[in-house]
Amino acid sequence: MNIALIAHDAKKKLMQNFCIAYRGILSKHELYATGTTGRLIEEVTNLSVHKYLAGHLGGVQQIGVQIENNQVDMVIFLQNPLSPNVHEPDPKSIIRLCDMHNIPLATNLASAEMLIKSLDRGDLEWREMYK
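All figures in this text were calculated on a predicted structure; none of them were measured in a lab. (Residues numbered from 1 in each chain as written. Predicted model: local features only at pLDDT ≥ 70, side-chain atom pairs only at ≥ 80, totals over all residues. Heavy atoms only, no water.)

Visitor: Honestly, the overall build of the chain in this entry has me stumped. Any pointers?
Guide: Helices and strands together make up the secondary structure of the chain, namely 6 helices and 5 strands. What you see in the chain, going N to C, is helices and strands ordered as β-α-α-β-α-β-α-β-α-β-α. Compactness check: the chain gives a C-alpha radius of gyration of 13 Å against a globular reference of 14 Å for 131 residues, within 12% of the reference. Taken across its 131 residues, the chain has 49% of its residues classed as buried. Within the chain, contacts between residues separated by at least 24 positions form 69% of all contacts whose residues are at least 6 apart in sequence. As presented, the chain carries roughly 6700 Å² of accessible surface, and 51% of it is formed by carbon and sulfur atoms. (Helix = DSSP H or I, 4+ residues; strand = E, 2+ residues; numbered from the N terminus. Rg over C-alpha atoms; globule rule 2.2 N^0.38 Å. Buried < 20%, exposed > 50% of the residue type's maximum accessible area, 1.4 Å probe, protein only. Contact = heavy atoms within 4.5 Å. Areas by Shrake-Rupley, 256 points an atom, 1.4 Å probe, with all protein chains shown as cover.)

As structure tokens, this is what we get:
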């Protein structure tokens, strides 16, 4: 399955720790990420991540195009809802696209863990019918 990973600056360390914890599951899938997030994940996990531009330079839009073309099966977007930096991408567009195209989306650690464990159990195999 194709998994998109995005994290606001304040959540990048959390994304790294999440990917370390679930490296075994993530290694079985294709990973896509915005530039900085992807680089940071690769540094700590040695996983192969297809990196787009940095989020504020268009990486979120590139992932959005993948969602629109049914090339993403799951999105984990760890956002900072309290005080995102001005240059950080607005999660509304990704949330809207995931809702429109029926893509599972996690925006916090609790929902990300539920999704990744569901993926490991095979609960997301229904996504194959959409391809």
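We are not done yet, so read on.
Visitor: Would you mind showing me how to read the environment of Arg 121 here?
Guide: With respect to the helices and strands, the residue Arg 121 is situated in helix α6 (residues 109-121). Sequence separation between Arg 121 and Asn 108 is 13 residues; the distance between their C-alpha atoms is 20 Å.

Visitor: Can you help me understand the environment of Ala 10 in this one?
Guide: Summarising the element assignment, Ala 10 is placed in the loop between β1 (2-7) and α1 (12-21). Sequence spacing of Ala 10 and Asn 80 is 70 residues, and the spatial spacing of their C-alpha atoms is 6.4 Å.

Visitor: What should I look at first to understand helix α5 (residues 92-101) in this one?
Guide: Within an α-helix, residues lying three or four positions from one another point in the same direction, as the helix has 3.6 residues per turn. Buried residues of α5: Ile 94, Leu 97 and Cys 98, and no others. Buried residues of α5, seen end-on, are gathered within an arc of 100° and therefore sit on one face of the element. For α5, the exposed residues set more than 90 degrees away from the buried face come down to Lys 92, Asp 99 and Met 100. Those residues of α5 hidden inside the fold are in contact with β1, α4 (59-68), β4 (74-78) and β5 (105-106). Asn 102 sits one or two positions beyond α5 and adopts a positive phi of about 55°. (Arc of directions from axis to C-beta.)

Visitor: Can you walk me through the side chain of Thr 37 in this structure?
Guide: Inspection of the secondary structure assignment puts Thr 37 in helix α3 (residues 35-45). Residue classification places Thr 37 among the buried positions, given a relative accessible area of 2%.

Visitor: What exactly am I supposed to notice about the packing of α4 against α5 here?
Guide: Axis angle and axis distance: for two packed helices, these are the angle between their axes and the distance between the axes, and together they describe the pair. The N-to-C vectors of α4 and α5 enclose an angle of 5°; their axes lie 10 Å apart at closest approach. In terms of orientation, α4 lies roughly parallel with respect to α5. When α4 is examined against α5, the residues Val 60, Ile 63, Gly 64, Ile 67 and Glu 68 are found in contact with a partner set consisting of Ser 93, Ile 94, Leu 97, Cys 98 and His 101. Each residue belonging to the contact of α4 with α5 can be placed in one class, and the counts come to 6 nonpolar, 3 polar and 1 charged. (Axes fitted to C-alpha atoms, helices over the stretch in contact; angles between N-to-C directions. Parallel < 35°, antiparallel > 145°, perpendicular 65-115°, else oblique. Nonpolar A, V, L, I, M, F, W, Y, C, P; charged D, E, K, R; others polar.)

Visitor: Quick question: what am I supposed to make of the nonpolar core here?
Guide: Side chains of nonpolar character tend, in soluble globular proteins, to be buried together. Core analysis: the largest hydrophobic core is formed by 24 residues, its most contacted members being Leu 5, Met 15, Phe 18, Met 74, Ile 76, Ile 116 and Leu 119. Sorting the residues of this core by element identifies β1, α1, α2 (23-26), β2 (30-33), β4 and α6 as the ones contributing at least two each. The residues touching Ile 116, leaving out its near neighbours within four places in the chain, are Phe 18, Tyr 22, Ile 25, Leu 26 and Met 74. In terms of nonpolar packing, the next biggest core, distinct from the first, is built from 14 residues, Ile 67, Val 72, Val 75 and Cys 98 among them. (Core = buried A, V, L, I, M, F, W, Y, C linked by side-chain atoms within 4.5 Å.)

Visitor: Can you help me understand the pattern of salt bridges in this one?
Guide: Under the defined criterion, the tally for this structure stands at 6 salt bridges. A salt bridge links Asp 73 to Arg 127, with the shortest nitrogen-to-oxygen separation between them at 3.2 Å. In this pair, Asp 73 is assigned in the loop between α4 and β4 and Arg 127 in the segment after α6, connecting sequence segments 54 residues apart. Arg 127 shares its class with Asp 73; the two are buried. Two residues, Arg 121 and Asp 123, come together in a salt bridge whose shortest N-O distance is 2.6 Å. Arg 121 sits in the exposed class, given a relative accessible area of 59%. (Salt bridge = Lys/Arg side-chain N within 4 Å of Asp/Glu carboxyl O.)

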